[in-house]
Amino acid sequence: MTVPEVVIRTAVPADLEVVAEIFAHYVSNTVITFEQTPPTVAEWQRRLDDLTGQGLPFLVADLNGDVAGYAYAGPWRPKPAYRHTVENSIYLAPDQTGRGLGGALLDALLTRCAQAGMRQMIAIIADTGSVASTALHKRFGFAPAGRLNSVGYKHGRWIDTALMQRALTTDHDG
């Protein structure tokens, strides 16, 4: 697969309108996110501020000046003992899938999370019948970590989630 000329960079406020549009597509038309109302640009701004304030990455795939996708890592759970574990989110513009952008975003996200001192990354993947997200994560060293059956209900159906996990470092000191 050929990766187009893409720059993976830190998201800035000017990117958030396109980020909101990309995510709104998945909220409205798919079950890969359990969100049912697309967040506003203002909500995305709060998310960007919150994540970067915690030293966590929020990245975009910039393809010739246009945002073609985004990825970020957020806290896995709010309890303090989980502070070194993050959950990833990766979304591509619907017309940009299958071009290697997800891999470019995930690769950069893994690196930046490790640099930020994170130790584990979790992926929660809605079981939609498509193997693309699972295959992407496997390519980057994620292993199955569990399955939650019928935990989401959207668009008239129950949806399972698969959990995958990857160590970002072998250093286990907290």
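Below or above, wherever it landed, is the structure these notes cover. Quick caveat: nothing in here was measured; it's all calculated off a predicted structure.

Summing up its helical and strand segments, the chain has four helices and seven strands in all. Its helices and strands in sequence order give the chain the pattern β-α-α-β-β-β-α-β-α-β-β, from N to C terminus. Compactness check: the chain gives a C-alpha radius of gyration of 16 Å against a globular reference of 16 Å for 174 residues, within 12% of the reference. Seen through its C-alpha atoms, the chain measures out along the principal axes to roughly 40 × 35 × 35 Å. Across the 174 residues that make up the chain, the buried fraction comes to 43%. Taking all contacts inside the chain whose residues are at least 6 apart in sequence as the whole, residues at least 24 apart take part in 65%. Put simply, the chain shows about 9200 Å² of open surface, and 51% of that area lies on carbon and sulfur atoms.

Turning to the packing of aromatic side chains, a few remarks are in order. Summed over all chains, the structure comprises 11 aromatic pairs. A ring pair is formed by Trp-44 and Phe-58, whose centres lie 6.1 Å apart and whose planes are at 80°; its orientation type is edge-to-face. With a gap of 14 residues between them, Trp-44 in helix H2 (residues 41–53) and Phe-58 in strand S2 (residues 58–63) connect regions that are remote in the sequence. The class of Trp-44 is buried, set by a relative accessible area of 0%. You can call Phe-58 buried: its relative accessible area is 1%. When the centroid spacing of 5.1 Å and the interplanar angle of 25° are considered together, the rings of Phe-58 and Tyr-72 count as stacked. Remark: Tyr-72 occurs in strand S3 (residues 66–75) and Phe-58 occurs in strand S2; sequence separation between them is 14 residues. Members of the aromatic cluster, each reached through a chain of ring pairs, are Phe-23, Tyr-26, Trp-44, Phe-58, Tyr-70, Tyr-72 and Tyr-91.

How each quantity is defined
Residues numbered from 1 in each chain as written. Predicted model: local features only at pLDDT ≥ 70, side-chain atom pairs only at ≥ 80, totals over all residues. Heavy atoms only, no water. Helix = DSSP H or I, 4+ residues; strand = E, 2+ residues; numbered from the N terminus. Rg over C-alpha atoms; globule rule 2.2 N^0.38 Å. Buried < 20%, exposed > 50% of the residue type's maximum accessible area, 1.4 Å probe, protein only. Contact = heavy atoms within 4.5 Å. Areas by Shrake-Rupley, 256 points an atom, 1.4 Å probe, with all protein chains shown as cover. Phe/Tyr/Trp six-rings, centres within 6.5 Å; stacked < 30°, edge-to-face > 60°.

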